[in-house]
Structure formats: C-alpha cells, structure tokens
Amino acid sequence: MINFVYRNDNNFEQMLNKIGLLVLFSLCFTSISATHLTGTVFSYRYVSSTNVESTYEITLEFYSDCYNGSPQVMIGDSIASIGIYDNDTKKLDRIETFWQTGPFFSKICTYLNYCSDLYRFTKKVTLKNNNSGYILTYSRCCRSNIYMSLSEKDIGMTSETFIPPYPIQNNSPVFYFKPTTTRRTNFTTYDFGAFDIDGDSLVYNIVKPYGGGSVTKPFPSPEAVYTQPKTLNYKIGFSHLNPF
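Residues numbered from 1 in each chain as written. Predicted model: local features only at pLDDT ≥ 70, side-chain atom pairs only at ≥ 80, totals over all residues. Heavy atoms only, no water.

## Here's the deal with the state of the cysteines
In total, this model carries one disulfide according to the counting rule given. Paired through a disulfide, C141 and C142 show a sulfur-sulfur distance of 1.9 Å. Judged by the sign of its S-S torsion, about 80°, the bond between C141 and C142 is right-handed. Grouping residues by exposure puts C141 and C142 together as buried. (Disulfide = S-S within 2.5 Å. Buried < 20%, exposed > 50% of the residue type's maximum accessible area, 1.4 Å probe, protein only.)

The structure is reproduced here in structure tokens:
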C-alpha cells in the first residue's frame, strides 16, 4: 500500500503544504477476505463566492475490491459522511452526507482473482469564509486484505483534503490515471502525472498510510475536534518508501 500526497505550491505554500490532496492506491496482493477498501481520491472544484461564503463542488472517489469484498459490507457504501473542520480551531464545522452514484467502472485483472469498482460521491457545499481554510476528512473500514506489506489486518483508511481560505479561488489537482491497479511483481512503472486547472506547480511525497475505523466501528463519525489520523505499520522489511 502506498499513500501519495501532492499539493499546490502558491503564495499560501505553508498552508497548502500542510495537507494537500491525499490519494491512496493499492499495488499489493494476496488472500481473499471480507474486507473491501482499495483506495480513495478526494478533490474539489471552486464554484463561486461572495464576501460572506464560498461554494465548492466536493468529489470523493471510492475504490472497492468487488471480488474479495463482502457484498453485505459493500451495501453500506451508498453514502459517505464527510467531516469539515475549521483549520484554525480544528473544531468540527459540520458533517455532510454524500450519496453515491455508480459503480462507474469495474476493472477485471486477468492474472489473479481481483476486480475493482469505482464509486463517486459529488456534492456542492457552501462554507463561510474564514482566514484559515477547511480540512475535509473521510474514514471507512476495512481495507482489502490483498495487501501483503502492512502488518495490521482489519484496518480502515482515512482520506483528507484542504480547502484554502477566502479569497483564494483554488481547485485541487486531478490525477490522470485511476489508482486501482494490483500487481504480482516487484517491478512496475506508472505515470503519476496530475493536472491542475489553476496552473499551480505540484510537489509529490510518498507518506505513511492513514488508518480509520475498525471492524466494530466501520463507519466512524467525524470527531468534534480534528486530530491527525493514526499512521499504519509495515511488516519487517517493508516501509512506505519500500512497500514491495
């Protein structure tokens, strides 16, 4: 499992570098399990603003292991609860419920028993203008147990993105590719290029994956105060910089 964080670099570099857009995707493999998460992609598009509030179109793309995952578990993915936090106080501003439409595609791998469904949640959200911006988070359990490098089982994931403060009219970058590929080999090449409609420069970092939720709490409700999610551990010989 690799977590990729990439960010916009502009006049508010410190703020935008703090969180950026988190993309999680799977490049590992192994046994059948009832768990199903393989990745998420968080993005947003600026729509409009006044002196009081700004509107963004928020999109969460959700990738599900449709071969190894449990149908009973995946039924619960028709909605997603997104926590929106004030970046200054870290207090919860609100919880937004997003409804799913899809699946949009199903990728069948011919060399192993695996497929991945993509679901998309999109909603326009209006936020009060502030001086610090907003953190958006989504957590869900559990990850597909196709991952060989992580030491923990039955664990979830958290995806985050950051909307900068007014009057910045920013759009998040968008990856060219769909991060759902599962590979058997240790050697592979991918184009991690992304497009930023604002023309901002992009900086990439490989980071430790975030956990989120548990078997007993598969749909964790956003907490009243934001805290950085727990990072996950790897088996001996693996790390976020050496996931294979």
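## Some points on empty space enclosed by the protein
All told, the structure shown has three cavities of 30 Å³ or more when counted by the stated rule. For the largest cavity, the calculated volume is near 70 Å³. Lining the largest cavity we find S54, Y56, L127, K128, N129, N130, Y134, I163, P164, P165, Y166 and I168. Counting only elements with at least two residues in the lining of the largest cavity, the list comes to β4 (53-65) and β7 (114-128). Here the residues of the lining of the largest cavity sort into eight nonpolar, three polar and one charged. (1 Å grid on protein atoms, 1.4 Å probe; cavity = no way out; pocket = protein on both sides within 12 Å on 5 of 7 lines; lining within 4 Å. Points joined across faces, edges and corners; volume = space filled by probe spheres on them. Helix = DSSP H or I, 4+ residues; strand = E, 2+ residues; numbered from the N terminus. Nonpolar A, V, L, I, M, F, W, Y, C, P; charged D, E, K, R; others polar.)

## Some details on the nonpolar core
Core analysis: the largest hydrophobic core is formed by 21 residues, its most contacted members being I58, I82 and L136. Elements with a minimum of two residues in this core: β3 (37-49), β4, β5 (79-86), β7, β8 (134-140) and β9 (157-163). Setting aside its immediate chain neighbours within four residues, I58 contacts F42, S43, Y44, F98, F121, T122, K123, V125, L136 and I163. (Core = buried A, V, L, I, M, F, W, Y, C linked by side-chain atoms within 4.5 Å. Contact = heavy atoms within 4.5 Å.)

## Concerning the pattern of salt bridges
On inspection of all chains with the given rule, the structure shows six salt bridges. Across the pair R120 and E61 runs a salt bridge whose closest N-O atoms are separated by 2.5 Å. With R120 in strand β7 and E61 in strand β4, the pair connects residues that are 59 residues apart, well separated along the chain. The class for R120 is partly exposed, based on a relative accessible area of 24%. (Salt bridge = Lys/Arg side-chain N within 4 Å of Asp/Glu carboxyl O.)

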